[in-house]
Amino acid sequence: MKNLIAVCLLFSALNLFSQAKPESKLSCSYDELTAPDFVKAVERSSGVCLLPMGILEKHGPHLPLGTDIFECRKVALTAAEQEYCVVFPTYFAGQINEARHQPGTIAYSPELIWKILQETCEELSRNGLKKIIIVNGHGGNNDFLRYFCMSQLHSQKDYVLVFFQPNDTPEVAKKIESLRQTKTGGHADEKETSMMRFIRSDLVKTELAGTQSGQNQKRLAEVPFQYTGIWWYAQYPNHYAGDATKSSVELGKVVVESQAEQLAQLIKTLKNNNKIESLQNQFYKDSANPLNTKQ
Ligand SMILES: [Zn+2]
């Protein structure tokens, strides 16, 4: 009996000791968390989750297929380190039909990219992550994502979906302007190559940047006043827009860090603010009885 009491005392002392240990760092990466830690992460993040969206597509002759994935994940993880929240794993189911003629493109069907994003939001919400911020790294997703966000109003949702919109401050714009050496761009260009050199310089083949043309080929200049799905292929068939023979780690650092800083501000705001949720709920209520809406 005495031995048993001694053992019990020893165990409770050990237990106290383990409780007194400083809490280990809680990862912000969803896939690195254990299930018990996930519960803590949801609490600590106030339900805010980043969904970095990249794509697998050609980026000129010199950047890796996953360039957009690397970029949005770096911005997301840098922001989450400044303002804690959960960061969803690598996601690349987006709109990229225009690059199907290039090697390495994974272009899922429109139905599938819609469904997988919708169900991902619903699954995040079911797990307590009810404030979802899309951090988009791929220009070809922009129109899809805006429409997807609007579509959330079609039926009641128990989460809010926010599309991060970075916007260079005059100070940052001036700094970028002073560092940039080229005027044209848009894809795998000087800016994007600089970002990749800052994030993963080992994957950038700068010496190949001049081996293909990134100039706008204006192959639809003869058809005015229109928008057509083939526009990008008409202008940039090499899936390269700009001139990446010039790039710098410094420019990439400014772009990544300024975006991360703005994203951290958005995370912080959403943690303590329920304005979107309350407006959304009022809207769902009003839209169930539009004739009762004051005229
Ligand atoms: Zn890109």
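This structure is a prediction, so every number in the text was calculated from the model and none was measured.

Definitions and cut-offs
- Residues numbered from 1 in each chain as written.
- Predicted model: local features only at pLDDT ≥ 70, side-chain atom pairs only at ≥ 80, totals over all residues.
- Core = buried A, V, L, I, M, F, W, Y, C linked by C-beta atoms within 7 Å.
- Buried ≥ 20, exposed ≤ 12 C-beta atoms within 10 Å, placed from the backbone.
- Helix = DSSP H or I, 4+ residues; strand = E, 2+ residues; numbered from the N terminus.
- Pairing = 2+ DSSP bridges.
- Axes fitted to C-alpha atoms, helices over the stretch in contact; angles between N-to-C directions.
- Parallel < 35°, antiparallel > 145°, perpendicular 65-115°, else oblique.
- Left-handed = near helix turned anticlockwise from the far one by under 90°.
- Contact = placed C-beta atoms within 7 Å.
- Nonpolar A, V, L, I, M, F, W, Y, C, P; charged D, E, K, R; others polar.

1. Re the nonpolar core
Reasoning step 1: Counting 59 residues, the largest nonpolar core has Cys-49, Leu-50, Leu-51, Ile-133 and Val-135 as the members making the most contacts within it.
Reasoning step 2: No other element matches the 8 residues that helix H9 (residues 249-272) contributes to this core.

2. Notes on unusual backbone geometry
Reasoning step 1: The phi angle at Phe-225 is positive, at roughly 55°, despite the residue not being glycine.
Reasoning step 2: With a phi angle near 55°, His-239 is a residue other than glycine that sits in the positive phi range.
Reasoning step 3: Relative to the elements of secondary structure, His-239 occurs in the loop between helix H8 (231-235) and H9.
Reasoning step 4: A tally of 22 C-beta atoms within 10 Å means that His-239 is categorised as buried.

3. Quick look at the sheet that holds strand E2 (residues 86-87)
Reasoning step 1: The 4 strands are arranged E2-E1-E3-E4 in an open sheet whose pairing can be described as parallel. This sheet does not close on itself; its edge strands, each paired only once, are E2 and strand E4 (160-163).
Reasoning step 2: As paired strands, strand E1 (residues 48-53) and E2 are joined by 2 bridges and run parallel to one another. For Leu-50, the partnering residue across the bridge sits in E2 and is Val-87.

4. Details of the packing of helix H3 (residues 67-82) against helix H7 (residues 190-200)
Reasoning step 1: For the pair H3 and H7, the least separation of the axes is 10 Å and the interaxial angle reads 65°. Classified by the interaxial angle, the pair formed by H3 and H7 is roughly perpendicular. Relative to H7, the crossing made by H3 is left-handed. In this structure, H3 uses Thr-67, Phe-70, Glu-71 and Lys-74 to contact H7, whose residues at the interface are Glu-192, Met-195, Met-196, Ile-199 and Arg-200.
Reasoning step 2: Each residue belonging to the contact of H3 with H7 can be placed in one class, and the counts come to 4 nonpolar, 1 polar and 4 charged.

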